[in-house]
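Breakdown of the fold
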Amino acid sequence: MNAQNQSFDLVIAGGRVIDPATSLDGIRDVAVSGGKVAKIAPEIEPGGARTVDATGCLVTPGLVDIHVHVYRGATFWGVDADEIGTKGGTTTMLDAGSTGSQNYRGFKEWIVDPACVRVLGLMNLSEIGLVSYKGELNDPAFADPTGGIAGIQEFPGTFIGCKVRLSGPLVGWGQQGRHHAQQAVTMAHDAGTFLMVHIGNSPIPMGELLSMLRPGDIVTHCYRAGTNNLFDEHDQPTAAARAARDRGVLFDIGHGSGSFQYERARSAVAAGFMADSISTDLHVTNINGPVHDMPTTMAKMLDLGVPLLEVIHRSTWEPAGVIGLQDQVGSLQVDREADIAVLRHQEREVVFTDSMGTEWTGHHELKAEHTIRAGEIL
Ligand SMILES: [Zn+2]
């Protein structure tokens, strides 16, 4: 087949295509055929293909949100994966520990398999996962690293890491919390995966917790408020946080309903402590605000002065790398699955709200116009 008579299923025309992985930033058409990216060029003749007019929009790789909760109907937090994906331009999402050894098969069968978007999961150290909000490891008997590892080995394409929420009210204080932190680190090591640690009201000193983590492990909620944290009383990253980053520990936003403080994020960005990955922690108590969706969290980072290309990078290619999937997701390249976000960016006044209820007037609005997964418009 030569270039003249090549036929396509879909052409996304006239948008500003930004693909951080290949350093592409320019007005291009993107053609899709058989669910894959077929061609990216300044002008593509659509022929009989369906056309999406992306004039005035950004066309990016489908967004990669590495912190969501989508075990809907089986856990307190779960929202609908396809709903947040479609609304948010998110084609790949990582459920952060909704499941443990007692309920992961349902997650695979009822959530992952039927979803249009690509859903992956982290295995919770707690065998009950996040069924309830009341503390999955308050009773230490719920810790089941052995069962969790077996689940990861049963579905290695779905469960790509481990999770623990290391807040005292959730895992117990002092020695009990320390024990669960150690169990989680060992579980991830023995499973051959990374560990994502939610930092909250930590039961042990933050420096001690960070020192346990290995390169490739992820600290989520990195812009949370409060003491015993990644930042000192002058809002500067602590020596322990910098040392962890230097060792290869990764930092994720995980906005959520309690973990994104505007002033903290602003001073962190000013101090050069940019999160590796922008993520939402979308769940039932924040989907109608303050989080809403992935583009809104990205817009908040734009508003804090992070350049657009950097924001796109840390919402696509970088998180794909954080979770070890750059061979599959996070980039727009010929022959890759056509996971694409068409986003509208407007510079106008928007009222944002952080997790503490603080409102501020921002100047960037970002919304998903179209979400395309494997060539299908969702
Ligand atoms: Zn979460």
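These figures come from a predicted structure and were not determined experimentally.

Next up on the list: the nonpolar core. Of all hydrophobic cores here, the largest spans 110 residues; its most connected members are Ile12 and Val30. Counting contributing residues per domain, this core is built from domain 1 (3-60 + 335-377) and domain 2 (63-322), each supplying no fewer than three. Apart from the residues lying within four places of it in its own chain, the contact partners of valine 30 are Ile12, Val17, Val37, Ile40, Val59, Leu332 and Ile340.

Across a sheet, strands are paired by hydrogen bonds formed along the backbone, either parallel or antiparallel in direction. If you walk across this open sheet you meet the 7 strands as β6-β7-β8-β9-β10-β11-β12, and the pairing is parallel. Each of the sheet's edge strands pairs with one partner strand only, and the pair in question is β6 (63-68) and β12 (250-252). The average undirected angle you get between the axes of adjacent strands in this sheet is 25°. Sheet contacts for helix α3 (residues 145-154): β8 (118-124) and β9 (159-166); angle to β8, the most-contacted strand, approximately 155°.

Attention now moves to unusual backbone geometry. Each neighbour pair has its own omega, and for glycine 289 with proline 290 the value is 10°, a cis peptide bond. As for its placement among the helices and strands, proline 290 is situated in the loop between α8 (262-270) and α9 (294-303). Even without being glycine, histidine 221 reaches a positive phi, approximately 75°. Within the secondary structure layout, histidine 221 lies in the loop between β11 (218-220) and α7 (239-247). The buried category is assigned to histidine 221, around which 27 C-beta atoms lie within 10 Å. If you check the backbone angles, histidine 292 has positive phi at about 70° while not being a glycine. Secondary-structure assignment places histidine 292 in the loop between α8 and α9.

Bringing the packing of α3 against helix α5 (residues 174-191) into the picture now. Where α3 meets α5, the closest approach of the two axes is 10 Å, and the angle between their N-to-C directions is 30°. The angle between α3 and α5 falls in the class roughly parallel. Every pair of crossing elements has a handedness; the one defined by α3 and α5 is right-handed. Facing α3, whose interface residues are Pro145, Gly148, Ile149 and Ile152, α5 presents Gln183, Thr186, Met187, Asp190 and Ala191. Considered class by class, the residues forming the contact of α3 with α5 number 5 nonpolar, 3 polar and 1 charged.

End to end, α5 covers 26 Å across 18 residues, agreeing with the expected 26 Å (1.5 Å per residue, within 8%). Within α5 the residues assigned to the buried category are Gly177, His180, Ala181, Gln183, Ala184, Val185, Met187, Ala188 and Ala191. Buried positions along α5 lie against α3, β9, α4 (168-171), β10 (194-199) and α6 (206-212).

A common way to state how big an interface is: give the accessible area lost once the parts meet. Assigned domains within the protein chain: domain 1 (3-60 + 335-377) and domain 2 (63-322). Computed from C-alpha coordinates alone, the two centres of domain 1 and domain 2 are separated by 27 Å. On the domain 2 side, the residues contacting the 26 residues of domain 1 number 33 residues. Taken together, the elements giving at least two residues each to the side of domain 1 that touches domain 2 come down to β13 (340-346), β14 (350-353), β15 (359-362) and β16 (365-373). Ranked by residues supplied to the side of domain 1 that touches domain 2, first place goes to β16 with 6 residues. Taken together, the residues of the side of domain 1 that touches domain 2 sort by class into 11 nonpolar, 8 polar and 7 charged.

Analysis parameters
- Residues numbered from 1 in each chain as written.
- Predicted model: local features only at pLDDT ≥ 70, side-chain atom pairs only at ≥ 80, totals over all residues.
- Core = buried A, V, L, I, M, F, W, Y, C linked by C-beta atoms within 7 Å.
- Buried ≥ 20, exposed ≤ 12 C-beta atoms within 10 Å, placed from the backbone.
- Domains from an automatic or database assignment.
- Contact = placed C-beta atoms within 7 Å.
- Pairing = 2+ DSSP bridges.
- Helix = DSSP H or I, 4+ residues; strand = E, 2+ residues; numbered from the N terminus.
- Axes fitted to C-alpha atoms, helices over the stretch in contact; angles between N-to-C directions.
- Parallel < 35°, antiparallel > 145°, perpendicular 65-115°, else oblique.
- Left-handed = near helix turned anticlockwise from the far one by under 90°.
- Nonpolar A, V, L, I, M, F, W, Y, C, P; charged D, E, K, R; others polar.
- Expected span 1.5 Å × (residues − 1).

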